[in-house]
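Chain by chain, the residues:
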Amino acid sequence: MLHGKRVALTPFMPADITPQYVGWLNDPQVVRLSNQRFRRHDEASCAAYLRTFEGSDNRFFSIRLRESGQAIGTATAYFSRHHGTVDCGILLGAPATWGKGLGQDAWDTLTGWCAEQPGIRKVTAGTLDCNTGMLRLMERSGLKLEATRKAQELVNGQPHDILLFARFTGH
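The following refers to the structure shown. Computed from a predicted structure; not experimentally measured. (Residues numbered from 1 in each chain as written. Predicted model: local features only at pLDDT ≥ 70, side-chain atom pairs only at ≥ 80, totals over all residues. Heavy atoms only, no water.)

On to the packing of helix α3 (residues 102-116) against helix α4 (residues 132-140), then. Angle between the axes and distance between the axes are the two parameters that describe a pair of packed helices. Two elements in contact, α3 and α4, have axes separated by 10 Å at closest approach and are oriented at 45°. What the angle tells us is that α3 and α4 run oblique. As for the relative orientation of α3 and α4, their crossing is right-handed in sense. Listed contacts from α4 to G103, Q104 and W107 of α3 are M134, R136, L137, M138 and R140. (Axes fitted to C-alpha atoms, helices over the stretch in contact; angles between N-to-C directions. Helix = DSSP H or I, 4+ residues; strand = E, 2+ residues; numbered from the N terminus. Parallel < 35°, antiparallel > 145°, perpendicular 65-115°, else oblique. Left-handed = near helix turned anticlockwise from the far one by under 90°. Contact = heavy atoms within 4.5 Å.)

Printed below as a string of structure tokens:
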């Protein structure tokens, strides 16, 4: 378990595949800037995704409020040990928690833990240029813009850049 100031990141378990979690993935507002918006999710698809983490270095976390234990989102860390890198992602599924600093707490907890892992020299993440919330999270956590994939994806029929961010760990 990873402890932030107000959130905890716990390993995502089969019991975390709840109607609430599946609902987040099927909520157009929650996934409006994620490629998850192109899929319909159910318990089976979520269980299949969870199984992809078995036997790998990659991590899938449930983001929970420390006070109540309530699940509010998920976070991922995809490790490439050969290259000493880890690519991070986050989804706050509960819209009522948006704009309260909980995403920043979860993101800082995740990326800080990743940066401390042996052999990891670089933490990376990417987002669409129109995802202002995610851009703020990355910038506040010390990740710097590294590259732009111009007009890479369409949102509501309009092309948007994917912005790639990174922070070297000093290892």
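Taken as a whole and judged by the stated rule, the model has 4 salt bridges. D16 serves as the salt-bridge partner of R64, at 2.6 Å between the closest nitrogen and oxygen. With a gap of 48 residues between them, R64 in strand β3 (residues 59-65) and D16 in the loop between β2 (7-11) and α1 (19-26) connect regions that are remote in the sequence. As a salt-bridge pair, K122 and E146 come within 2.9 Å of each other at their nearest N and O atoms. Taken together, the residues K122 in strand β6 (residues 122-128) and E146 in strand β7 (residues 144-155) connect sequence positions 24 residues apart. What makes K122 buried here is its relative accessible area of 13%. Taking the relative accessible area as the measure of exposure, E146 reaches 42% and is therefore partly exposed. (Salt bridge = Lys/Arg side-chain N within 4 Å of Asp/Glu carboxyl O. Buried < 20%, exposed > 50% of the residue type's maximum accessible area, 1.4 Å probe, protein only.)

With that settled, the discussion passes to the pairing of β3. Taken across its 7 residues, β3 has 5 buried, putting it largely inside the fold. In terms of strand pairing, β2 meets β3 through 5 bridges, oriented antiparallel. Paired with P11 across the strands is F61, a residue of β3. Inspection of the sheet shows β3 paired to strand β4 (residues 71-80) by 6 bridges, in the antiparallel sense. Across the sheet, residue R64 finds its bridge partner in β4, namely A71. (Pairing = 2+ DSSP bridges.)

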